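For reference, the chains in residue letters:
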Amino acid sequence: MRPHRKPGAAKAVAALTAGVLALSLTACGGGDDDGGDSGDTGGDTSKATVQLPKLDGQKLEVAAVWTGPEQENFTKVLKEFEKRTGAKVSFVPTGNNTSTFLGTKIEGGKPPDVAFLPQVGVLHQFAEKGWIKPLGSEADEQLKKNFSKGWVDLGAYEGKQYGVYVKAANKSLVWYNTQAFEGAGITEPPKTWDEFTQTAQTLSDAGSPAISIGGADGWTLTDWFENVYLSQAGPEKYDQLAKHEIKWTDPSVTEALNTLAELWGKDELIAGGRKGALGTEFPKSVTQTFSGDTPAAMVFEGDFVTANINADTKAKVGTDAKVFPFPAVGSDSPVVSAGDAAVALKDSEGAQALLTFLASTDAAEIWTAQGGVITPNNKMDMGSYKDDVTRDIAKALLAAGDDFRFDMSDQAPAAFGGTQGIGEWKGLQDFLRNPKDVKSVQQKLEADAAKAYGNG
């Protein structure tokens, strides 16, 4: 169940935005500080804060969307779980269509023991079908001890607790190549959408591809839309559209798409143009911003960008790569959060033990030490974060308390908001291909939403 949105949300959002803006101007040289990159900080089990059962000889399978650096970082957490319990854990990447991958496994009688669901809507669907198991008492105890009510509620459905949101994301960030900004004579990051598009033009005129877009992955485009929409239309409309209480043909959606078209409609501002963007997957959108002979100047996405910067480029976060909040389209910069919920697909001691460990501060501190991840776990040692930039982003997200807006597409049924090649992902890819065609894109989005929500 989604957390109740209190009237004080705007104030919390403003505070969060200010905190993230401050870090973009002050966090220099924060590449490898007290977090380090050891990944072995949890090896001393005498310091364990959670007791786990002995699972010698048991085999567990964990499924999640992560590949590359993100998968490698998470594997450090699984290795520690193996060390403490004696279990053997294998990792299976789901691909972008997590719900389809897991649904096929479940219906075939071979589900993984634990899976990470990146969409709230999918968690609700799976709970309704009886595909996921409620948290055991030990896992629930760790969850309630280490997470705020808002994050706890996101993992619940109809009064039962199913998921642990151990990985969070601030998806309202723009990362920039400091050399490109300096080369174009830009000394201050843009704060408003108008300043943002002007900055993009200045960078382009100076010879840098202004903005790198990972349009081959439709989820990045939904994040673009959500940030523009939340800032421009406001939280109330955002919540209504997320629940499909207003239609995608609403004038507020028209306005947001027209705003996006101010950037997406200018081929010269996009690395590789629109065609190039539609052929660029998310990891490449990051690497082509911080490496190569003619790097792009900016890339929009969440705090997890640092994992790709650290693993795939020579750029140093906080020095070569800095960050500023998504520009304010309306009166305030938006703050869109997201997360991955760990759930049990098998009713076993091993699955519950892993959920208990994942909800603990022990697992959180190992994972965050790798870089490229933040967690809503508010009892962990913040010194575990690999770099100052990520630490400050995490502090700002926690400072917002429960007054956050969760990723809209992740709240939707998977057929609309979480599946490659259909629904919102496909609709926004079509819009990036032809940003002049606002009306037909809205009509198609509404038809797909009505079908997926079952209220058309």
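Our structure is the block above this text.
Every chain's residues receive numbers from 1 upward, in the order its sequence appears when written. Local features are withheld for residues below a pLDDT of 70 in this predicted model, meaning they are given only at 70 or higher, and side-chain atom pairs are given and counted only at 80 or more; totals for whole chains, interfaces and linings count all residues. Just so you know, side-chain values use all the structure's heavy atoms and leave hydrogens and water out.

A. Region of interest: the overall build of the chain. Think of it this way: any DSSP run of H or I at least four residues long counts as a helix, any run of E at least two long counts as a strand, and we number them from the N terminus. A tally of regular secondary structure across the chain gives 21 helices and twelve strands. By the burial criterion, 62% of the 456 residues in the chain qualify as buried. Working rule for contacts: check all heavy atoms of both residues, and any pair within 4.5 Å makes them a contact. Contacts in the chain between residues far apart in sequence, at least 24 positions, make up 78% of those at least 6 positions apart. Each accessible area is a Shrake-Rupley estimate made with a 1.4 Å probe; only the visible protein chains count as cover when residues are assessed. Here the chain displays about 17100 Å² of accessible surface, and carbon together with sulfur accounts for 48% of that area. The cut-offs for exposure are 20% and 50% of the maximum accessible area for each residue type, with area from a 1.4 Å probe on protein chains only; residues under the lower value are buried, those over the upper are exposed, and the others partly exposed.

B. How the structure looks around the packing of helix H5 (residues 137–146) against helix H15 (residues 349–358). Running from N to C, H5 and H15 point in directions that differ by 10°, and their axes come no closer than 8 Å. Here H5 is positioned roughly parallel relative to H15, judged by the angle of their axes. Classified by chirality, the crossing of H15 by H5 is left-handed. Counting all contacts with H5, which are made through Glu138, Ala139 and Gln142, the residues of H15 involved are Gln352, Leu355 and Thr356. Polarity classes work like this: nonpolar for Ala, Val, Leu, Ile, Met, Phe, Trp, Tyr, Cys and Pro, charged for Asp, Glu, Lys and Arg, and polar for all others, with Gly in that last group. Residue composition of the contact of H5 with H15, grouped by class: two nonpolar, three polar and one charged. Angles here are taken between N-to-C directions and fall from 0 to 180 degrees, while the axes themselves are lines fitted to C-alpha atoms, restricted in helices to the stretch in contact. Comment on the angle field: the value is read as roughly parallel under 35 degrees, roughly antiparallel over 145, roughly perpendicular from 65 to 115, and oblique elsewhere. By the definition used in this description, the sense in which the near helix is turned from the far one sets the handedness, with an anticlockwise turn below a right angle giving left-handed and a clockwise turn giving right-handed.

C. The arrangement of the environment of Ser137 in detail. With respect to the helices, strands and loops of the structure, Ser137 is situated in helix H5. Each C-alpha atom, one on Ser137 and one on Gln352, is 9.0 Å from the other, the two residues being 215 residues apart in sequence.

D. The arrangement of the nonpolar core in detail. We call a set of buried residues a nonpolar core when its members are Ala, Val, Leu, Ile, Met, Phe, Trp, Tyr or Cys and they connect through side-chain atoms within 4.5 Å of each other. Of all hydrophobic cores here, the largest spans 52 residues; its most connected members are Trp224, Phe225 and Met298. The biggest single contributor to this core is helix H11 (residues 251–264), with seven residues. Setting aside chain neighbours within four positions, we find Phe225 in contact with Leu241, Trp248, Val253, Ala256, Leu257, Leu260, Glu424 and Leu428. Among the nonpolar cores identified, the runner-up in size contains 50 residues, and Trp131, Ala169, Phe290 and Phe304 belong to it.

E. Seen up close, the packing of helix H20 (residues 423–433) against helix H21 (residues 438–453). At their nearest, the axes of H20 and H21 sit 9 Å apart, and the two run at 175° to each other. Relative to H21, the element H20 is oriented roughly antiparallel. Of H21, the residues touching H20 (which contributes Gly423, Glu424, Gly427 and Phe431) are Val438, Val441, Leu445 and Asp448. A class-by-class count of the residues in the contact of H20 with H21 yields four nonpolar, two polar and two charged.

F. Examining the pattern of salt bridges more closely. Between Lys or Arg on one side and Asp or Glu on the other, a salt bridge is scored when a side-chain nitrogen of the former is within 4 Å of a carboxyl oxygen of the latter. Scanning the entire structure with this criterion turns up 19 salt bridges. Two residues, Asp250 and Lys237, come together in a salt bridge whose shortest N-O distance is 3.6 Å. Residue Asp250 is located in the loop between helix H10 (235–242) and H11, and its partner Lys237 is located in helix H10; the two are separated by 13 residues in the primary sequence. We note a salt bridge from Asp267 to Arg274, for which the minimum N-O separation is 3.5 Å. Put simply, Glu80, Lys83, Arg84 and Asp362 are held in one network by salt bridges that share partners.

G. Here's a closer look at the pairing of strand S7 (residues 173–177). Judged by how many residues are buried, S7 sits mostly within the fold: five of five residues are covered. One bridge is not enough; two strands pair if DSSP finds at least two bridges between them. Relative to strand S10 (residues 321–325), S7 runs antiparallel, the two being bridged by five bridges. Residue pairing in the sheet places Val174 in a bridge with Phe324 of S10. Note that S7 and strand S9 (residues 298–300) share three bridges and pair antiparallel. Each bridged residue has a counterpart across the sheet, and for Tyr176 the counterpart in S9 is Met298.

H. Looking closely at the side chain of Asp250. Note on Asp250: relative accessible area 16%, which makes it buried. Apart from residues lying up to four places away in sequence, Asp250 is in contact with Lys237 and Gln442.

I. Local environment of H21. Expected span, for any helix, means 1.5 Å times one less than how many residues it has. Between its terminal C-alpha atoms H21 stretches 22 Å, which fits the 22 Å expected from 16 residues at 1.5 Å a residue. If you check which residues of H21 are buried, you get Val438, Val441, Gln442, Leu445, Glu446, Asp448, Ala449 and Ala450. In this structure, the buried residues of H21 make contact with H11, helix H19 (414–417) and H20. Of the residues one or two after H21, Gly454 is the one with positive phi, at around 75°.

J. Looking closely at the side chain of Asn146. Along the chain, Asn146 turns up in helix H5. Of the residues examined, Asn146 reaches a relative accessible area of 2% and is grouped as buried. The contacts of Asn146, once residues within four sequence positions are left out, are Ala359, Ser360, Thr361, Pro376, Asn377, Asn378 and Lys379.

K. Structural view of helix H13 (residues 282–290). In terms of residue burial, H13 counts as a mostly covered element, since seven of its nine residues are buried. Among the residues of H13, Phe282, Ser285, Val286, Thr287, Gln288, Thr289 and Phe290 are the ones counted as buried. As for H13, its buried residues are in contact with S7, strand S8 (211–212), helix H9 (218–233), S9, helix H14 (305–312) and S10. A positive backbone phi angle near 95° is found at Gly292, which sits one or two residues after H13.

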